[in-house]
4 protein chains.
Amino acid sequence: MATLKKKLQGLVAATLTPMTENGEINFSVIGQYVDYLVKEQGVKNVFVNGTTGEGLSLSISERRQVAEEWVTQGRNKLDQVVIHVGALSLKESQELARHAAEIGADGIAVIAPFFFKPWNKDVLVNFLREVAAAAPSLPFYYYHIPALTGVKIRAEEVLDGIQDKIPSFQGLKFSDTDLLDFGQCVDQNHQQQFALLFGVDELLSGLVMGATGAVGSTYNYLGKKTNQILEAFERKDFSSALNYQFCIQRFINFVVKLGFGVAQTKAIMTLVSGIPMGPPRLPLQKATREFTDHAAAKLKSLDFLSTADLKGRNLGACI
Amino acid sequence: MATLKKKLQGLVAATLTPMTENGEINFSVIGQYVDYLVKEQGVKNVFVNGTTGEGLSLSISERRQVAEEWVTQGRNKLDQVVIHVGALSLKESQELARHAAEIGADGIAVIAPFFFKPWNKDVLVNFLREVAAAAPSLPFYYYHIPALTGVKIRAEEVLDGIQDKIPSFQGLKFSDTDLLDFGQCVDQNHQQQFALLFGVDELLSGLVMGATGAVGSTYNYLGKKTNQILEAFERKDFSSALNYQFCIQRFINFVVKLGFGVAQTKAIMTLVSGIPMGPPRLPLQKATREFTDHAAAKLKSLDFLSTADLKGRNLGACI
Amino acid sequence: MATLKKKLQGLVAATLTPMTENGEINFSVIGQYVDYLVKEQGVKNVFVNGTTGEGLSLSISERRQVAEEWVTQGRNKLDQVVIHVGALSLKESQELARHAAEIGADGIAVIAPFFFKPWNKDVLVNFLREVAAAAPSLPFYYYHIPALTGVKIRAEEVLDGIQDKIPSFQGLKFSDTDLLDFGQCVDQNHQQQFALLFGVDELLSGLVMGATGAVGSTYNYLGKKTNQILEAFERKDFSSALNYQFCIQRFINFVVKLGFGVAQTKAIMTLVSGIPMGPPRLPLQKATREFTDHAAAKLKSLDFLSTADLKGRNLGACI
Amino acid sequence: MATLKKKLQGLVAATLTPMTENGEINFSVIGQYVDYLVKEQGVKNVFVNGTTGEGLSLSISERRQVAEEWVTQGRNKLDQVVIHVGALSLKESQELARHAAEIGADGIAVIAPFFFKPWNKDVLVNFLREVAAAAPSLPFYYYHIPALTGVKIRAEEVLDGIQDKIPSFQGLKFSDTDLLDFGQCVDQNHQQQFALLFGVDELLSGLVMGATGAVGSTYNYLGKKTNQILEAFERKDFSSALNYQFCIQRFINFVVKLGFGVAQTKAIMTLVSGIPMGPPRLPLQKATREFTDHAAAKLKSLDFLSTADLKGRNLGACI
């Protein structure tokens, strides 16, 4: 059943969770958010309640409601809505997985537990299997992000161990810079049976190593621009692909130096899309006015944002 | 109101959460557990749903039920029942804090959030304050455990910042080895207004630096033995205190080399107390039979466990 | 003067330092080593006394002699001989730099000091400048390897800061997996004035991001194979390039799991080249017989080593 | 022979290496330095060329000269002069060990090599043994400082493994905060055969756990003050001991927040002793004027430095 599902490919936006100034979730703008991704950014897949979506800062009931809203609003507009259901508590993770199946999500993703950390591949796969078993009909993705979880088990080991144990396994989000590890995953995937989604910003390096798609927060507002990398890569125009990659990196590198995280991504998305993302939830704190001003100036200097954008919101070219 | 509460002092057992073989919480033995701590181990304070209690592996509703059971069973038997209400989600942490107040717990403790990590003292204190505000009448303790959270902010900085911001603040559990930091906390606490609870096993070094009490998992089964350290320290008999400390360390060091964690603590507690603690919840895995056999042999060799214990459960001397 | 030097490009072998069974340097085989690299591996540049060469495990006088032997034996055979002169002591590093100039080396490379660690870009550049000033006529390369030094300063910051301060600066060896950082270096190098040498094994990802060459220990015995990646990349035949990359990764990944370091590289090089590299120096320890047997079997299974190789030493194809 | 040597005990000053403004070693003040330690600070043992002495930033010939000068100037004044001979190169470490024996040093200490890191106890002990064997007549000390070396092998394991392998082994400098590990070392040392020197600043916690002495940089200028801790501890006057400890910690904690290292220690020592320590060597950089002013003000506020001190240099009391 899972296997009938179209393979997840191309760009996947790791969605932000819009909030009101008083810290409640602002469900009212999610419909608009869906339209923006599809029409303005050319992005038709979403990864909901992940790191970018502050999934672990939400209560379980909030996570259910957010997932439901994305599935509802995305119907007939988005290709796939993948819900991150990872949690420190296996029970809560299972509850979220069951719920994702009930609402008709297209897949679930799970991060390694990171308070008590799995100390080897088998322990991790056992945990993931218990979550997957709560929604056996849903494509299952492993969300590999060692820098945040502190779980150092290599993705290629997990991929090797997971295939027999989790029938619904369909791929992974690889949010790490170890391309030897990623390359081994690709090498294992010679029949292209799995989606190997690159989850860090140096997309071109992932594409050349065999990534089948990419998940990221920048695709919320730089999706159209990033698609130019995919297209240039497809037609083997590497100098253009690299040029586009550098345009994006100039921006990322700039904001990284200012201090860049989910709070700042919310500010940038609000700026570029015009859709109010609101503040993050504690312990994150709202981006400073200074950050937003600098980021806006940089976006303009790179032609990522123009007066026209501020009306029509279509991203300009970066030459 | 919080200030009327008797100061938390002496030994505090970081309680385990008993589970059945199928992974459900075994509430039925908690009453027996209370009696064991009080009568056999001379421990009258408990720290519930912390690391040792697998608090973060439980669902919110399970955490509520466990807290309630300890408060109920502990009434008129335990001096203080402190509930750990820390969670990655501020909303859930607040819910647990409110619940702790409703059920009449004696205090709440909160760990620093550790997925999105506070990057300075103010961010951390702001988060803690929002939790404390949900239960303003309950004594509030900060649970400092940088090795597990990855939050490197020094405890003395938190102590310095928290006093004005959280009126119900009453102290901290210091689970770190940086005694310069701990010493600064003691130095700040010259009016003895706060409980500075040492949370690592080298108790004697904490006592000499001014700890007012101690929280730990070993006090579940070595409480009586550890009280000998406190008593020897009180009467300035350091060679005895150190001798007792070494007895305990020989055991800890032995099991640490076998691989020691909450799962293993459950096995040891079952062995020593005769109360079935059951398996841990994934990602933790049940201690191996081999571990339990080696630990039992070591306990006997140190006179921490004897045939008599296996009946009467009173701990023998370690000379 | 430095600027007249031909730019370092293509593959650069990080040379091993051959030793006798009793731990002395075996100078006698370096001439043979040069011929092997040039004739059998198609590698005409070497990086001497780096990590692979156990440079920091040698005495200063040994480092001088090893450098001298490579320069002498490489004359009219090798394109460039770059000497790593990094040391914890600035004075010793300067002595080695002066010596490299005296013997006519083609360049010097310096690692960040890593006992007392530079805490920002300026401190690091000040240190590097003092070394470069001891041999102003020699092309200077910064050896960026944060995982080994623990110095987290990004390469693009060093590149940005070093250009005015060190006239002889000609590029860097980038031994890290942060391709955002590497991409920024390439982006800064738009006039192609510097050599940006990729120093980790996932070469293809570095090439697509704009690497102008590569330095590595595997090029000692897989240079010919790796040149196939370069050639395929040049003609935009990515599937072949990736196929070659995977062949090599299968081997690297295999030995990494067995425990792979300089000692093991010496064993493999001895096996493949037939030139005795001998044991490493303490604290490294000779590769086990078991490792060597497994590695040999893997090399054969990948057609990296055949009976023919064991005579003629030419590497077979990996299809 | 080594065993005839009086056991190293009490306070050991980790000496600074005085330098001239142009970065050369200022041998001329070492005699004065010896007298200051003995007469003003009551410290009669020194640890030369260690971290505080920038030993690893000096050339081998400089290390030899510095060692020689301390032995010469210390004759009939100091109890023991221990020379740190650790180096990344085993050959150089052996040369320094032989030299220490020739000049009549009282012992040698060796840090774990930290570029290529020993991965277990045996590898580390094998390395140490090769150094010790170069000076078999000299008492040998292992310098345990995992935070700087990144070598995580526990001291108690090294102590356990080293006793049979190195006949001249006489103890260790324990520069870590893991008191469980330190306690195990003390427990192993029941016959008091070894010197277990505490190497971090929370001295009182080390004393209560059984330290036989202490090595540190602060004893250069706070030796007399620290001796008050030792004396109070001896007479079991813990509140005084803790009070003295806190006085010192207030200072350390203050400078730690300003950024505290060897460069800053040189500035403070110059200030307190009146002996010019000069700048550090790159990559360290001279303490700022601002640091020195703040530190001086703090020293005065704690009565560690008074107008009298600025003449007579005797440290005042801290009440």
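Quantities reported herein were computed from a predicted structural model and do not represent experimental measurements. (Residues numbered from 1 in each chain as written. Chains lettered and ligands numbered in written order. Predicted model: local features only at pLDDT ≥ 70, side-chain atom pairs only at ≥ 80, totals over all residues. Heavy atoms only, no water.)

A. The arrangement of the pattern of salt bridges in detail. As enumerated under the stated definition, the model contains 58 salt bridges over all chains in all. With its nearest N and O atoms 3.9 Å apart, the salt bridge here joins Lys 44 of chain C to Asp 79 of chain C. Linking Lys 44 of chain C in the loop between α1 (30-40) and β2 (45-48) with Asp 79 of chain C in the loop between α2 (60-74) and β3 (80-84), this pair joins segments that are 35 residues apart in sequence. Taking the shortest distance from any N to any O, the salt bridge between Arg 289 of chain C and Asp 293 of chain C comes out at 2.9 Å. In this pair, Arg 289 of chain C and Asp 293 of chain C both sit in helix α12 (residues 289-301), four residues apart, roughly one turn of the helix. Ionic contacts of the salt-bridge type, sharing partners, join the residues Glu 24, Glu 62 and Arg 281 of chain A together with Lys 91 of chain B into one network. (Salt bridge = Lys/Arg side-chain N within 4 Å of Asp/Glu carboxyl O. Helix = DSSP H or I, 4+ residues; strand = E, 2+ residues; numbered from the N terminus.)

B. Summary view of the relation of the copies chain C and chain D. With an RMSD of 0.0 Å, the fit of chain C onto chain D corresponds to turning through 180° and sliding 0.0 Å along the axis. Classification of the inter-copy transformation places it as that of a two-fold axis. Comparing interface residues between copies, 100% of those in chain C also lie at the interface in chain D; the contact surface is shared. (Least-squares fit on C-alpha atoms with pLDDT ≥ 70 in both. Contact = heavy atoms within 4.5 Å.)

C. Inspection of the UniProt feature "binding site: pyruvate" (unreviewed entry) in chain A at higher detail. Residues and elements named next belong to chain A. Under the feature "binding site: pyruvate" (unreviewed entry), the UniProt entry names Thr 52 and Val 215. Spanning 164 residues, the named residues nonetheless gather at one spot, since no C-alpha pair among them exceeds 10.7 Å. Judged by relative accessible area, Thr 52 falls into the buried class, the value being 11%. When near neighbours in sequence (up to four residues on either side) are disregarded, Thr 52 contacts Ala 14, Thr 15, Leu 16, Thr 17, Ser 217 and Val 262. With relative accessibility at 2%, the residue Val 215 sits in the buried group. (UniProt positions renumbered as here; feature names shortened; annotations may be inferred. Buried < 20%, exposed > 50% of the residue type's maximum accessible area, 1.4 Å probe, protein only.)

D. The arrangement of the packing of aromatic side chains in detail. Scanning the model with the defined rule gives 48 aromatic pairs over all chains in all. Aromatic pair Phe 238 of chain B and Phe 238 of chain D: ring centres 4.0 Å apart, planes at 70°, arrangement edge-to-face. With Phe 238 of chain B in helix α10 (residues 238-258) and Phe 238 of chain D in helix α10 (residues 238-258), the pair connects residues from two separate chains. As far as the burial class goes, Phe 238 of chain B and Phe 238 of chain D line up, both buried. When the centroid spacing of 5.2 Å and the interplanar angle of 45° are considered together, the rings of Phe 115 of chain C and Phe 114 of chain D count as tilted. (Phe/Tyr/Trp six-rings, centres within 6.5 Å; stacked < 30°, edge-to-face > 60°.)

E. Layout of the nonpolar core. Within the largest apolar cluster, 483 residues are counted, with the highest numbers of intra-cluster contacts made by Trp 70 of chain A, Trp 70 of chain B, Trp 70 of chain C together with Trp 70 of chain D. Sequence-distant contacts of Trp 70 of chain C, defined by excluding residues within four places in its chain, comprise Thr 15, Leu 16, Ile 30, Tyr 33, Val 34, Leu 37, Val 46, Val 48, Leu 78 and Val 81 of chain C. (Core = buried A, V, L, I, M, F, W, Y, C linked by side-chain atoms within 4.5 Å.)

F. The interface of chain B and chain A, seen in detail. Contact residues are listed per partner, giving 32 residues for chain B and 32 residues for chain A. A buried area of about 3,000 Å², summed over both sides, lies between chain B and chain A, and 71% of it is on carbon and sulfur atoms. The three residues of chain B that bury the most area against chain A are Phe 115, Phe 116 and Pro 283 of chain B, which together make up 26% of that side's buried surface. As a salt-bridge pair, Glu 62 of chain B and Lys 91 of chain A come within 3.6 Å of each other at their nearest N and O atoms. Linking chain B to chain A there are six residue pairs in polar contact (both at pLDDT 80 or more). Those elements giving two or more residues to the side of chain B that touches chain A turn out to be α2 (60-74), α3 (90-102) and α4 (121-132) of chain B. Counting residues per element, the side of chain B that touches chain A draws most heavily on α4 of chain B, at four residues. Here the residues of the side of chain B that touches chain A sort into 19 nonpolar, six polar and seven charged. (Buried area = accessible area lost by both parts, 1.4 Å probe. Polar contact = N/O pair within 3.5 Å; in protein donor to acceptor, adjacent residues only side chain to side chain. Nonpolar A, V, L, I, M, F, W, Y, C, P; charged D, E, K, R; others polar.)

G. Representation of the sheet that holds strand β7 (residues 195-198) of chain B within the structure. All names here are of chain B. Reading around the circumference, β1-β2-β3-β4-β5-β6-β7-β8 is the order of the eight strands in this closed barrel, with parallel pairing throughout. Strand-to-strand twist in this sheet, taken as the mean axis angle between neighbours without regard to direction, amounts to 25°. Pairing between strand β5 (residues 140-144) and strand β6 (residues 169-174): five bridges, direction parallel. Note that in β6 the partner of Tyr 141 across the bridge is Gly 171. Strands in contact with helix α7 (residues 179-188) are β5, β6 and β7; relative to β7, the strand with the most contacts, it is inclined by about 160°. (Pairing = 2+ DSSP bridges. Axes fitted to C-alpha atoms, helices over the stretch in contact; angles between N-to-C directions.)

H. Up close: the pairing of strand β1 (residues 10-14) of chain D. All names here are of chain D. Counting buried residues along β1, four of its five residues qualify, which places the element largely inside the surrounding structure. Pairing of β1 with strand β8 (residues 213-216) involves four bridges; the strand directions are parallel. Pairing of Leu 11 across the sheet is with Ala 214, part of β8. Crossover β1 to strand β2 (residues 45-48) through helix α1 (residues 30-40) is right-handed. (Right-handed = clockwise from strand over helix to strand, strands pointing away.)

I. Summary view of the sheet that holds strand β5 (residues 140-144) of chain D. Residues and elements named next belong to chain D. Ordered by their spatial adjacency, eight strands build a closed barrel running β1-β2-β3-β4-β5-β6-β7-β8, and the pairing between neighbours is parallel. Each strand axis lies, on average, 25° off the axis of its neighbour in the sheet, ignoring direction. Across the sheet, helix α6 (residues 155-165) lies against β5 and β6 (169-174), angled at about 175° from β6, the strand it touches most.

J. Structural detail: the UniProt feature "active site" (unreviewed entry) in chain A. Residue and element names in this part refer to chain A. The positions that UniProt labels "active site" (unreviewed entry) are, in the present scheme, Tyr 143 and Lys 173. For the annotated residues, spread through 31 residues, the largest C-alpha to C-alpha distance comes to 4.8 Å, consistent with a single compact locus. Mapped onto the secondary structure, Tyr 143 falls in strand β5 (residues 140-144). Residue classification places Tyr 143 among the buried positions, given a relative accessible area of 2%. If we skip the residues at most four places from it in the chain, Tyr 143 touches Phe 47, Thr 51, His 84, Val 110, Ile 111, Ala 112, Lys 173 and Ser 175. In terms of polar contacts, Tyr 143 uses its side chain to reach the side chain of Thr 51, at 2.7 Å. Dropping the residues within four chain positions of it, Lys 173 is found in contact with Phe 47, Tyr 142, Tyr 143, His 144, Leu 197, Gly 199 and Val 215.

K. Geometry of the interface of chain C and chain D. Facing the 32 residues of chain C at the interface are 32 residues of chain D. Contact between chain C and chain D buries roughly 3,000 Å² in total, counting both sides, with carbon and sulfur atoms accounting for 71%. Per-residue buried area on chain C facing chain D is highest for Phe 115, Phe 116 and Pro 283 of chain C; these three make up 26% of the total on that side. Our enumeration of links across chain C and chain D arrives at four salt bridges. As a salt-bridge pair, Glu 24 of chain D and Lys 91 of chain C come within 2.8 Å of each other at their nearest N and O atoms. Along the contact surface separating chain C from chain D lie six residue pairs in polar contact (both at pLDDT 80 or more).

L. Seen up close, the arrangement of the chains. What separates chain B from chain C at the closest point of their C-alpha atoms is a distance of 17 Å, and the two make no contact. Chain D makes no contact with chain A, the minimum C-alpha separation between the two being 17 Å.

M. Quick look at the state of the cysteines. Taken as a whole, this structure holds zero disulfides over all chains when the rule is applied. Cys 185 of chain C carries a free sulfur, and the closest cysteine sulfur to it, the one in Cys 247 of chain A, is 17 Å from it. On the basis of relative accessibility, which here comes to 0%, the residue Cys 185 of chain C falls in the buried class. (Disulfide = S-S within 2.5 Å.)

N. Examining the environment of Gly 259 of chain A more closely. With respect to the secondary-structure elements, Gly 259 of chain A resides in the loop between α10 (238-258) and α11 (262-273). With 40 residues separating them in the primary sequence, Gly 259 of chain A and Leu 299 of chain A have C-alpha atoms 16 Å apart.

O. Summary view of the packing of helix α6 (residues 155-165) of chain A against helix α7 (residues 179-188) of chain A. Residues and elements named next belong to chain A. For the pair α6 and α7, the least separation of the axes is 7 Å and the interaxial angle reads 30°. As far as their axial angle goes, α7 and α6 are roughly parallel. For the pair formed by α6 and α7, the contact residues are Ala 155, Glu 156, Leu 159, Asp 160 and Gln 163 on the first element and Asp 181, Gln 184, Cys 185 and Gln 188 on the second. Residue composition of the contact of α6 with α7, by class: three nonpolar, three polar and three charged. (Parallel < 35°, antiparallel > 145°, perpendicular 65-115°, else oblique.)

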